[in-house]
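Here's the letter readout for the chains.
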Amino acid sequence: MTSFLEQPDNPAAWIGLCKAVFFLLCVVYLWKAVRKTETGRRTGRTRSRAYRMLFAVFCVLFGAVLVYQATWQLAGFARPDFVAFMERYDKRPVNPARDVQRGRITDRRGVPLAVDRNDPLRPRAYPEGPVFAHVTGYLDERYGRTGLEEADHAYLSGYGFESGDSWKQFGRNMFDRKEIRGSDLVLTLDAGLQRIAYELMKERTGAVVMLDPRNGAVLVMVSTPSFDPNNLQPALFRADPDRAPLLNRALQGLYPPGSTVKPLVAAIALGRNLRPVYDCPAAGITAGTGNQPIRDHEYYQYRKDGKVWPGHGRLDMREALQKSSNVYFARLGLDLGGAALTGRLETMGLNGRWTVFRGSSGEIRTSAGSVPPLNDDDKARTAQVAIGQGALVVTPMHMALLAGAIGRGGAAWRPRLAEREPPEPLNPLMPAEAARTLTGMMRDAVHRGTGIGADIPGLRVAGKTGTAQTPRGDDHSWFICFAPAEDPVIAMAVIVEHGGYGSRSAVPVTAELLRAAEKAGYFRAASEGQP
Amino acid sequence: MSRKTSTWQDRKQERVLLTWAGMAVLTAYLMPMAARWAHVPVFQWQDWLPLAGYVLSLFVAHAWFVTTRFAGDRILFPTVLFLAGLGMVVQVRMGTLAFDDPSAWAHFALPAGFVVALVVTGALKKGRVNRLEGLTMASLAVSVLLLGAVLVLGSRFRGAVYLAGGINPTEFIKPFMAIFLAGFITLFGKDFANTVAGVPAPSFRAVLTFAVLWGMPMALLVLQRDLGLILLLNITLLLLLVMATGRWGYLLLGIGGCLLLGVAVFLFFPHGKARFDVWLEPFADPTGKGWQILQGLSAMFSGGWWGTGLGTGSPTVIPIAASDFIYAAMGEELGIVGCGILMILYLVVFYRGFAIADHQPAGFGRHLAAALTMLLAVQTLMNIGGVTKAIPVTGITLPFISHGGSSLVSSFLMIGMLLALSDPATGRAKGSSRKSRRRKR
């Protein structure tokens, strides 16, 4: 109205004035029409109840239609599919969905990972670029939605009526669309640590997962090579399968665990009160006739140098884990038997799936890994599985979860990406006693064994290296760990594809990241409770 | 002379309402004009022709009623004219009342409907409308003939069948079917009111007669695949049965019938099933089957509370916006407030219709008034419900607003009959007539 007085030349202002006067005249008309009806006055007869009821029914029906109409006309912003339709297909000069701002995705401290751009062609900006590409996924006019953008589409673009506050906001937005905003999705991830992990990994191929074993909160989830969700190119979708930048290796990468499976085999044996001492000769162990013997890696190292390795001799479980003896664990696996070994691995989650995110429009799930069912006669394959080779494959996420479970006495929590999801305990993955014994052994494996590169003073890291043989190229380099050993607040799994020995690539990455976590205060707060 | 003065005084409310309606429509008319002027700052005298015609019709209507000493309803016709005026403005805005070609059919639809309403009122007032009872079977015959003619001669366009000149004769069967239903129920009402243990149990003869008679137009409509009209007529039939017999069991029967119809739709009407699917899952095929309804909803969302103002939105992006989806166009440009006002205007019309029915003595006139009102009310509800996605789209027009001459003239014909019914049977000598009616009952 005021605009009309200010700009008498503007037709829009005149139209606004006409509209207001029109509504006013309508109201006057309705008042004059309804106020003085002819009912009863003319005939003196009372109106029949049936017609009154019929009219009332029509009033209710029309009213219901109007209310339903309002759920589109006034509150359509709360219908995510509808908003998406309008953004994409409404050809009005000013898109009616322009005011609907998609919620942000932020890390645990509110660092923005995905923000609205107010541009229908490129609706999202990702300030962290490739660092969080696999976590957030992307939202793009041409390429659609993936990752959290897809799984939590409804929540981000519309409303998740979780709190009374959002209802209040909803009411306000019915009257003022300028403020319409989807809900922010707060992740458990730590942008600072994620950045460091990405910097360490960006020249390599692999994945890093760090989580809080006390509640399953994922702190770091990096997969490399990555891509820039701000700049999606057709070439990205044609990339060669070896690089596969779109693949989230942390959740979907299936790798043979190599020696990192040894703590699990040890846990199975300890759970059965089995703690044997084996003779581990240089000649290795041959499972099933006609197969290559399984030997320890020292044998090959010595042979390369033109020397003869005398063998480990007698090893107990602690020493075997510390030295990562293939011979010991192959024998242990054979003694446990294929059925028991694979059966127990399944109770540790293999062949299963974890839901790491339960969104409003979908879930993000991860395979834990898979192990074929074996029987006790299948000695060759049993021995292979016991040293983390053969048909056994795992995902980095699951290895981080298992590392944490060992540190927390067998207790594990469902890994989760969103702060809003409450911690959810899983069934214990191993007996508490076995986990405690194993914790000591893994501490030794870092303090005195193959993982010494990650033995940061004061952190009391416990872990296990792994070297997974691959059909071609160098071996994959693994390291799983948790710290501090007695009361872990961090559990990690790192894999560097074709990185050689675990101690060569994965351990330095882990060590760097643990130092960063220490600097960020994760360990300081451990004694005081939550960070 | 004294009589004339009293008619003048008697129709004061009509005069007042027509004045306000005229002013409101005039204000509304200025909106698309201003919007057009913003693009092309030139006015032609033709631009104002529809408005001038409309204002003239308000004067003519009142003059006609006063000079013919019409003593009937004083709210119904102004409200209908208000709605028709809004329809005219919206059609001007949508460009369907093209200024360039004043000989187009569309320009004559509203005047034709207006004249039809006045003529019908004049012809049937003073109780003469009750003589239509004698035309019960003739009306059915006319309906069947119209439908048959369409089937033989018509050409299909957008799922409906048209005759030459864009006339849609199926629209005209509505008033005739109303006469038939009213006449039939007057004849067999008592039969249908029979109950056995609370369950309606009309005599076999009544049911058979009805099935044969009702089956003829229904079969022809099925052949034309005019689902909307089938639904409209059957819902009206059921409501009429309930009103005439006071037996609510017929509503249960109706629900059963609806289920049967639903099954039939799924089996025999592929486009009926498609409409149902779109209603349930509009986002399953947003660029195909869901396009129209979603574009309509998108338009309404852009309208918000108060609308963009007539002429400043973009309702033309909605497919068939001028006819079936005109409500969405109004939602965009007049907002939900405008939609609410529109609904109340319709409810005023229906309230008057039911009041007229209620003031009739038991018999044909009562059923006729009810049938006419129900037809209009159910049609409005079906259209608005379909556009807002509250119910599946039935492809039925919005009375008095949608583009389409046949629908407009047919609706005005029904209003004319209602007006005639509202006129006391023997002018001002009401006392005697009421006594005589009571004796009849």
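Quick caveat: nothing in here was measured; it's all calculated off a predicted structure.

Draft legend 1. Region of interest: the overall build of chain A. Per the secondary structure count, chain A includes 19 helices and 17 strands. Here chain A has a C-alpha radius of gyration of 32 Å; the compact-globule value for 531 residues is 24 Å, and the former is much larger. Each of the three principal axes of chain A carries a C-alpha extent, and together these read 120 × 55 × 50 Å. Here chain A holds 531 residues, and the buried ones make up 56% of them. Of the accessible surface of chain A, which amounts to about 22,300 Å², a share of 52% is contributed by carbon and sulfur atoms.

Draft legend 2. Broad picture of the pattern of salt bridges. Residues and elements named next belong to chain A. This model, assessed by the stated rule, comprises 31 salt bridges over all chains. Notably, a salt bridge pairs E149 with R102, separated by 2.9 Å at the nearest N-O pair. Residue E149 is located in helix α6 (residues 147-151), and its partner R102 is located in the loop between α4 (80-89) and β1 (105-106); the two are separated by 47 residues in the primary sequence. The salt bridge partner of E424 is R358, with a shortest N-O separation of 3.1 Å. Remark: R358 occurs in strand β11 (residues 353-358) and E424 occurs in the loop between α17 (396-407) and α18 (432-447); sequence separation between them is 66 residues. E424 sits in the partly exposed class, given a relative accessible area of 27%. Under the relative-accessibility criterion, R358 is labelled partly exposed at 36%. Here the salt bridges share partners, and the residues they tie into one network are R358, E363, R414, E421 and E424.

Draft legend 3. Structural detail: the confidence of the model for chain A. Residues and elements named next belong to chain A. Predicted confidence across chain A gives a mean pLDDT of 86, with 92% of residues reaching 70 or more. Looking over chain A, one finds the lowest element-wise mean pLDDT in helix α1 (residues 2-6), namely 53, and the highest in strand β7 (residues 206-211), namely 95. The model gives residues 38-46 a pLDDT under 50, and that stretch makes 28 contacts with residues more than four places away or in other chains.

Draft legend 4. Structural view of the sheet that holds strand β3 (residues 124-125) of chain A. Residue and element names in this part refer to chain A. The four strands are arranged β3-β2-β1-β6 in an open sheet whose pairing can be described as mixed. Among the strands making up the open sheet, the edge pair consists of β3 and β6 (185-186). Relative to β6, β1 is paired through two bridges, and the arrangement is parallel. For I105, the partnering residue across the bridge sits in β6 and is L185.

Draft legend 5. Local environment of the domain arrangement of chain A. Residues and elements named next belong to chain A. You can read the domains of chain A as domain 1 (78-186) and domain 2 (191-527). One C-alpha centre belongs to domain 1, the other to domain 2; they are set 37 Å apart. Tallying the contact residues gives 31 residues for domain 1 and 34 residues for domain 2. Buried area between domain 1 and domain 2, both sides added, is near 2,700 Å², and the carbon and sulfur share of it is 59%. One salt bridge connects R420 with D152, and the closest N-O pair in it is separated by 2.8 Å. Linking domain 1 to domain 2 there are eleven residue pairs in polar contact (both at pLDDT 80 or more). For the side of domain 1 that touches domain 2, the secondary structure elements donating two or more residues are β3, α5 (133-136), α6, α7 (153-157) and β6. It is α6 that contributes the most residues to the side of domain 1 that touches domain 2, four residues altogether. Considering only residue class, the side of domain 1 that touches domain 2 consists of 16 nonpolar, five polar and ten charged.

Draft legend 6. Summary view of the packing of aromatic side chains. Scanning the entire structure with this criterion turns up 39 aromatic pairs over all chains. Measuring from ring centre to ring centre gives 6.4 Å for Y68 of chain A and W72 of chain A, while their planes differ by 75°; the resulting arrangement is edge-to-face. Of this pair, Y68 of chain A and W72 of chain A both sit in helix α3 (residues 49-73), four residues apart, which is roughly one turn of the helix. By relative accessible area, Y68 of chain A is classed as partly exposed at 24%. Following the ring pairs from residue to residue traces out a cluster consisting of F180, F184, F188, F192, F210, W214 and Y250 of chain B.

Draft legend 7. Summary view of the interface of chain A and chain B. Contacts between chain A and chain B engage 59 residues on the former and 94 residues on the latter. Of the roughly 7,000 Å² buried between chain A and chain B on both sides combined, carbon and sulfur atoms contribute 73%. On the chain A side of the interface with chain B, the three residues burying the most area are Y29, Y51 and F62 of chain A, jointly 12% of the side's total. Linking chain A with chain B are one salt bridge, by the criterion used here. Here E332 of chain B ties to R92 of chain A by a salt bridge, and the two come within 2.7 Å at their closest N and O atoms. At the surface where chain A touches chain B, the tally comes to 15 residue pairs in polar contact (both at pLDDT 80 or more). Broken down by class, the residue content of the side of chain A that touches chain B amounts to 38 nonpolar, nine polar and twelve charged.

Draft legend 8. Spotlight on a nonpolar patch on the surface. Residues and elements named next belong to chain B. Taken together, L151, V152, L153 and L223 make up a surface patch of nonpolar side chains, about 440 Å² in accessible area. If you tally residues by element for the nonpolar patch, the top one is helix α6 (residues 136-153), at three residues. Mapped onto the elements of the fold, V152 is located in helix α6.

Calculation rules
- Residues numbered from 1 in each chain as written.
- Chains lettered and ligands numbered in written order.
- Predicted model: local features only at pLDDT ≥ 70, side-chain atom pairs only at ≥ 80, totals over all residues.
- Heavy atoms only, no water.
- Helix = DSSP H or I, 4+ residues; strand = E, 2+ residues; numbered from the N terminus.
- Rg over C-alpha atoms; globule rule 2.2 N^0.38 Å.
- Buried < 20%, exposed > 50% of the residue type's maximum accessible area, 1.4 Å probe, protein only.
- Areas by Shrake-Rupley, 256 points an atom, 1.4 Å probe, with all protein chains shown as cover.
- Salt bridge = Lys/Arg side-chain N within 4 Å of Asp/Glu carboxyl O.
- pLDDT = per-residue confidence, 0-100.
- Contact = heavy atoms within 4.5 Å.
- Pairing = 2+ DSSP bridges.
- Domains from an automatic or database assignment.
- Buried area = accessible area lost by both parts, 1.4 Å probe.
- Polar contact = N/O pair within 3.5 Å; in protein donor to acceptor, adjacent residues only side chain to side chain.
- Nonpolar A, V, L, I, M, F, W, Y, C, P; charged D, E, K, R; others polar.
- Phe/Tyr/Trp six-rings, centres within 6.5 Å; stacked < 30°, edge-to-face > 60°.
- Patch = residues over 30% accessible without salt bridge, like charges linked within 9 Å, V, L, I, M, F, W, Y side chains within 5 Å.

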